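Secondary and tertiary structure notes
Listed here are the chains, written in short residue letters.
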Amino acid sequence: MIKQDSNELRKKNDFVYIAAGAQNARAFYVEGMEAEGVLNPLQFLYDVKNEKSTGLGKRVLIIGGGNTAMDAARTAKRLVGVDGQVRILYRRMIKQMPANYEEIKAVLDESIEIQELINPLSVSAVNGKVASLVCQKMKLGEKDTSGRARPEPIDGSEFEIACDTIIPAVGQDLAFDFINTKKLDANNYETELPGVFIGGDALNRGLSAIAAIGDGRKVAQLIIDSCGIDFETKKNFKKADTDYRKLMIKKAKRIKSVGVSETSLNQRNNFNLIVSSLTREETIEEASRCLFCDEICNICTTLCPNLALFGYQHQPFTAQLSGTETKFELTQVPQILHIADWCNQCGNCNTFCPTSGAPYKEKPHFHLTQESFNNDSEGYLLVGSASEMSLLYKNNEDMCSLTENSEYFTYFSEKVRFQLNRQTLDIEDDKSFTDKIEKDWKKAVEMCVILQGAKQFLGA
Ligand code: SF4
Ligand code: SF4
C-alpha cells in the first residue's frame, strides 16, 4: 500500500485497521545471491499455489527455521520428485527453531533433512546459475538478547553443498511505508497516525492465527469504546457448565483429544489436504473438553507443591460509598489466597500462570501464625473467636483491622474508624479523625472479601 492510498482510506473512514500481515520476505544477502536459482520464499509459495512456473531445480536448500521455511521445504519436496532432494539449513539447533512444533515434525516425518548449526557464507554460480552454497559450521555460545544460545562460527569449518536452488526464508517484514514501523509497540494497537490501528502479524511479526483474531477483536473493542457506542460487547455471558465444583472436578481429570486423522506418509506426494476435518460429533466432543479457563483458572492452586495457593469463592458484587463516586467491584467468583507460611518461593506458580501473573507475589498473603505475620512486611492474619473474628492487615508500618460480628464489620486504622453495613458495605457510624476515608473504605471492603476466603481456608 502506498501513501496516497492510505491517505485516501483515512479521508473516507474514521478508523483504519491494518491486518495485512508481513508480506515481504526479509532480505538475506551473502555473496552470489543474485545468481539464477535463488528464489524468494513467498513468491515461490505464491507461484506454486497459482500453478505458475517457479524455477525450482532438483537439489534444493532452504535457509531458515521458521514456519515459512518449513512450508517452502514441504512444498519443494512435493515438486522435486523421488530423484530430487530438499534440505533445510539452520544456524542454531532444531529445538531452537521458531517454527511450530507440528511443522517441524511434519518436515522430519516427510524425510526432509534439517542440518543444524550451519551458516551460509556465499553462493557459487556457474554460468550465472546456482551451483553450490559455501557454508560454515557453527557452535552454540552464550545466550543472546532473545534468550537463545548465540551461534558462533567454527574457524576452518567451511564446506560446500552442491545445489541448484536456494530459498532463503529468514523472516518477513511489513510491506507498507505510510507508518513508521520503528515506532510500533507490540503492546499498543494504535499507530502514530490518529485513528489508524494495527494488529496480527503486521504488528507482532508472526504469532498465531488465534492471536491475530484476538488482536482484531481487541481493536474492534477499542474503536467501539472510543466512539462511545454501547454494543454490550463486554456483557458477561453465563456459560453452560461453569458450576465451580463440577468444573474443578473436570479440571482434575485428563480427557484426551479426539485427534485428527492425517494422510499416511506414502500418500503425501501431492498437494491434497493432509489433516482431515473433524466430524460434527467429534467437534462437539472436542469442544466439550474446554476447561473454561477464562471463567475459572485456578492453575496455580493445582500446581503449587506446597499447597500454598488456596482457591475460594465469593459472589461478585458492586458496593458504593454513599455521597461519593467511589465504588468497589468484585467481578468474578473464584478468588485466591496465598498462604505465606507454606510458600518457599519456588516460583512454579509464576512459571505456569497463563496470564503471566506472579500469584505468590500478587495474591493476598495470608499468615497462619503470629510469628509469620510479624516476620513479613505485608500480609493478613486472622485472630479472635468464632463469634467475633478480626482480620489484621499490615503493610510495613501501616496497620489496620476488620472485625466481623453478626451485625456489622468494624474497620480500624490509625486515623479511621467506621462500621460497615453487612448488606450494602456502606459506612455507618463513622468515628474517623479525617474525612478522607475513600481509600480506607476500599481497603475495608477488600478485607471483607479476604476475610471470607480466610474463613473458608480455616473451615471457620
Ligand atoms: S494467578 Fe494465574 S494461574 Fe493463578 S488463577 Fe490467576 S491466572 Fe490462573
Ligand atoms: S512460589 Fe510459593 S505459591 Fe508459588 S508454587 Fe512455589 S511454593 Fe507455591
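Relevant structure appears above.
Read on for an overview of the structure. Within any chain, residue numbers begin from 1 and follow the written order of that chain's sequence. Note on labels: chains are lettered from A, ligands numbered from 1, in written order. Given that the model is predicted, a residue must reach a pLDDT of at least 70 before its local features are reported, and side-chain atom pairs must reach 80 or more before they are shown or counted; all residues, however, enter totals for whole chains, interfaces and linings. To get the side-chain values, all heavy atoms of the structure are used, and hydrogens and water are removed first.

A few points about the packing of aromatic side chains
A pair of Phe, Tyr and Trp rings is counted when the ring centres sit within 6.5 Å of each other, with Trp represented by its six-membered ring. The angle between the planes then sorts it: under 30 degrees is stacked, over 60 is edge-to-face, the rest tilted. Applying the stated criterion to the full structure yields 8 aromatic pairs. With centroids separated by 6.3 Å and ring planes inclined at 10°, the aromatic side chains of Phe 310 and Tyr 312 adopt a geometry described as stacked. Burial here depends on accessible area, computed with a 1.4 Å probe over protein chains only, as a share of the maximum for the residue type. Under 20% is buried, over 50% is exposed, and the range in between is partly exposed. Among the residues examined, Phe 310 registers a relative accessible area of 19% and is labelled buried. Ring centres of Phe 317 and Phe 328 lie 5.8 Å apart, and the angle between their planes is 15°; this geometry places the pair in the stacked category. Of the two residues, Phe 317 is situated in strand S14 (residues 317-320) and Phe 328 in strand S15 (residues 327-330); the sequence distance between them amounts to 11 residues. Across this residue pair, the class does not change: Phe 317 and Phe 328 are buried. One aromatic cluster is present, built from ring pairs that chain together Phe 310, Tyr 312, Trp 342, Phe 366 and Phe 457. Sitting over the face of the ring of Phe 159, Lys 137 holds its NZ or CZ atom 5.8 Å from the ring centroid. Here, over-ring charges are defined by two tests on the NZ atom of lysine or the CZ atom of arginine: distance to the ring centre within 6 Å, and angle to the ring normal within 35 degrees. In this structure, Lys 394 packs its charged tip against the face of Phe 373, placed 5.4 Å from the ring centre. Segments assigned H or I by DSSP are reported as helices when at least four residues long, segments assigned E as strands when at least two residues long, and all are numbered from the N terminus.

Some thoughts on the site of ligand 1
For each residue, the test is whether any non-hydrogen atom lies within 4 Å of the molecule or strand; if one does, the residue is near. What surrounds ligand 1 is the set Cys 297, Asn 298, Ile 299, Cys 300, Ile 336, Cys 353, Pro 354, Thr 355, Pro 359 and Lys 363. Residue classes follow a fixed rule: Ala, Val, Leu, Ile, Met, Phe, Trp, Tyr, Cys and Pro count as nonpolar, while Asp, Glu, Lys and Arg count as charged, and any other residue, Gly among them, counts as polar. Of the residues contributing to the shell around ligand 1, the split by class is 7 nonpolar, 2 polar and 1 charged.

Brief notes about empty space enclosed by the protein
Lining residues are defined by having an atom within 4 Å of a point belonging to a cavity or pocket. Those points lie on a 1 Å grid over the protein atoms alone, cavities being sets where a 1.4 Å probe fits but cannot get out and pockets being open sets with protein on both sides within 12 Å along at least five of seven lines. Grid points are joined across faces, edges and corners, and a volume is the space filled by probe spheres set on the points. Under the definition given, this model contains 1 cavity of 30 Å³ or more. Approximately 80 Å³ is the volume found for the largest cavity. Along its surface, the largest cavity is lined by 15 residues, and Cys 304, Cys 343, Cys 346, Cys 349 and Tyr 360 are the ones closest to its centre. Partitioned by chemical class, the residues of the lining of the largest cavity number 9 nonpolar, 6 polar and no charged.

A short note on helix H3 (residues 67-80)
When the terminal C-alpha atoms of H3 are compared, their 20 Å separation across 14 residues agrees well with the 20 Å that a helix rising 1.5 Å per residue should span. What H3 keeps buried is the set Thr 68, Ala 69, Met 70, Ala 72, Ala 73, Arg 74, Thr 75, Ala 76, Arg 78 and Val 80. Looking at the buried residues of H3, the elements they touch are helix H2 (41-49), strand S3 (59-63), strand S4 (85-89), helix H4 (101-109), strand S10 (165-168) and strand S11 (172-173). Of the residues flanking the end of H3, it is Gly 81, one or two places downstream, whose phi is positive at about 80°. The span expected for a helix works out to 1.5 Å for each residue beyond the first. When checking whether two residues touch, look at their non-hydrogen atoms; a contact exists if any pair is within 4.5 Å.

Points about the environment of Lys 439
Considering the arrangement of structural elements, one finds Lys 439 in helix H13 (residues 438-458). Judged by relative accessible area, which is 74%, Lys 439 ranks as exposed. Residues Lys 439 and Thr 326, 113 residues apart in the sequence, show an inter-C-alpha distance of 9.0 Å.

Side note on the environment of Met 389
One can find Met 389 in strand S19 (residues 388-395). Note on Met 389: relative accessible area 12%, which makes it buried. When the C-alpha positions of Met 389 and Gly 37 are compared, they lie 80 Å apart, and in sequence the two are 352 residues distant. Apart from the residues within four sequence positions on either side, Met 389 is in contact with Leu 382, Val 383, Leu 402, Thr 403, Glu 404, Lys 455 and Ala 460.

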